[in-house]
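Here is how the chains run, residue by residue.
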Amino acid sequence: MRLTPKKTCQQIIESQNHYLGALKGNQSGLFDEVQANFQVEDTYRESSQGHGRVEERIVSICRTLEGIRSWAGLCTLIRVSATRTLLKGEYEIVGKTETRYYISSLSETAQQFATRIRAYWGVENKVHYVRDVTQGEDASRIRVVPLPQLWAVARNLALNLYRDLGFDNMAQAQRRCGFSLNHLKSIFRMK
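Here's a quick rundown of the structure. Throughout, residues of each chain are indexed from 1 in the direction in which the sequence is written. It should be noted that, the model being predicted, local features are given only for residues of pLDDT at least 70 and side-chain atom pairs only at 80 or more, the latter also being counted only at that level, while totals for whole chains, interfaces and linings use all residues. Water and hydrogen atoms play no part in the side-chain values, which are based on all heavy atoms of the structure.

Scanning the protein chain from N- to C-terminus turns up 6 helices and 5 strands. Note on method: radius of gyration uses C-alpha positions; expected globular size equals 2.2 Å times residues raised to 0.38. Relative to a compact globule of 191 residues, whose C-alpha radius of gyration would be 16 Å, the protein chain shows 21 Å and is clearly more extended. Structurally, the protein chain occupies a C-alpha span of about 65 × 55 × 30 Å along its principal axes. Partly exposed residues are those whose accessible area sits between 20% and 50% of the maximum for their type, while under 20% is buried and over 50% is exposed, using a 1.4 Å probe and protein chains only. Here the protein chain, with 191 residues, has 29% of them falling under the buried criterion. Contacts were defined at the residue level, with two residues in contact if any of their heavy atoms lie within 4.5 Å. Looking at the protein chain alone, contacts between residues at least 24 apart form 52% of all its contacts between residues at least 6 apart. Put simply, the protein chain shows about 12,900 Å² of open surface, and 51% of that area lies on carbon and sulfur atoms. Positive residues here are Lys and Arg, negative ones are Asp and Glu, while His and the chain termini are left out of the count. Note that the charge is assigned to NZ on lysines, CZ on arginines, CG on aspartates and CD on glutamates. Across the protein chain, the centroid of the 27 positively charged side chains sits 10 Å from that of the 19 negatively charged ones. The way it works is that DSSP assigns letters per residue, a run of H or I at least four long becomes a helix, a run of E at least two long becomes a strand, and they are numbered from the N terminus. Under the convention used here, a 1.4 Å probe and the Shrake-Rupley method define accessible areas, while residue burial counts only the protein chains that appear.

Pasting the structure below:
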């Protein structure tokens, strides 16, 4: 049985915990209500530069829930607008602005939510992106239970072994281990 996001939030609240979740189009009624009724009450701006781009993020929160359907524990609406500017030599190429919405049972400042959301994307980039792109998890055709779970464990084991050996680049670690049986043996501390 698959839980809906609304039921999942209900269970989280009933277990005396909090949630912060991205609001996507699959909750279209709630998504439309949040977009239409969002009133900025607090804003935090931050920017970062790296990998040939500058990204400016504006995090705004709204605690006024008028016009928003009942949702377990809902306390704060969050809007994150991000604009990326690519740096190509002397030129700056401004990309489009992307706006994402989040809902939360927490009552925090815009800056605190900005920190939480950035931490989430750090995990997304460190784990999920590597599993999807480097290890091809999304392209996997393995569907018969329990094989997908077993392969996920194997992929996580490989990533943890690579990190334990000091690799920062998981694609490079995977190539080195794939090309050399001796290197692979050394990871498992085999003779």
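Computed over the protein atoms alone on a 1 Å grid, cavities are sets of points where a 1.4 Å probe fits but cannot get out and pockets are open sets with protein on both sides within 12 Å along at least five of seven lines; a residue lines them when it has an atom within 4 Å of a point. Grid points are joined across faces, edges and corners, and a volume is the space filled by probe spheres set on the points. The computed volume of the largest pocket comes to approximately 640 Å³. Lining the largest pocket are 23 residues, with Pro5, Leu20, Gly21, Ala22 and Lys24 positioned closest to its centre. Contributing elements (two or more residues each) for the lining of the largest pocket: α1 (5-14), β1 (20-23), β5 (91-104) and α3 (110-134). Each residue is assigned to one class: nonpolar for Ala, Val, Leu, Ile, Met, Phe, Trp, Tyr, Cys and Pro, charged for Asp, Glu, Lys and Arg, and polar for all the others, Gly among them. Classifying every residue of the lining of the largest pocket gives 15 nonpolar, 5 polar and 3 charged.

A contiguous nonpolar surface patch, about 400 Å² in accessible area, is contributed by Val144, Leu147, Leu150 and Trp151. Position of Val144 relative to the elements: it lies in the loop between α3 and α4 (147-164). Residue classification places Val144 among the exposed positions, given a relative accessible area of 58%. Exposure above 30% relative accessible area and no salt bridge define the residues that can form patches, which grow by joining like charges within 9 Å and nonpolar side chains of Val, Leu, Ile, Met, Phe, Trp and Tyr within 5 Å. The term salt bridge refers to a pairing of a side-chain nitrogen on Lys or Arg with a carboxyl oxygen on Asp or Glu at a separation within 4 Å.

What follows is about unusual backbone geometry. In the segment running from Val145 into Pro146, the intervening peptide bond is cis, with an omega of 5 degrees. Phi at Gln16 takes a positive value of approximately 60 degrees, unusual for a residue other than glycine. Inspection of the secondary structure puts Gln16 in the loop between α1 and β1.

All right, on to the pattern of salt bridges then. Tallied over the full model, the rule gives 7 salt bridges. The salt bridge involving Arg45 is made with Glu56; its shortest N-O contact spans 3.4 Å. Highlighted residues: Arg45 in strand β2 (residues 42-50) and Glu56 in strand β3 (residues 53-62), separated in sequence by 11 residues. Among the ionic pairs, Arg116 bridges to Glu108, the shortest N-O distance being 2.8 Å. What you see here is one network of salt bridges that share partners, running through Glu46, Glu55, Arg57 and Arg84.

Once that is clear, we can look at the packing of α4 against helix α5 (residues 170-179). Packing of α4 against α5 brings their axes to within 10 Å, and their N-to-C directions diverge by 100 degrees. Here α5 runs roughly perpendicular to α4, going by the angle between their axes. Residue-level inspection shows Leu159, Tyr162 and Arg163 of α4 in contact with α5, the latter providing Met170, Ala173, Gln174 and Cys177. Residue classes in the contact of α4 with α5 are distributed as 5 nonpolar, 1 polar and 1 charged. Working convention: axes come from line fits to C-alpha atoms, limited for helices to the stretch in contact. Angles between N-to-C directions cover 0 to 180 degrees. We call two directions roughly parallel when the angle between them is under 35 degrees, roughly antiparallel when it is over 145, roughly perpendicular when it lies between 65 and 115, and oblique otherwise.

Where β3 lies against strand β4 (residues 76-88), 10 bridges are found, and the strand directions are antiparallel. Residue pairing across strands places Val54 opposite Thr85, the latter belonging to β4. Of the pairings in the sheet, the one linking β4 to β5 comprises 12 bridges and is antiparallel in character. Paired with Arg79 across the two strands is Tyr101, which belongs to β5. One requirement defines pairing of two strands: DSSP has to find at least two bridges between them. What sits between β4 and β5 in their antiparallel hairpin is a turn of 2 residues, with Gly89 showing a positive phi close to 65 degrees.

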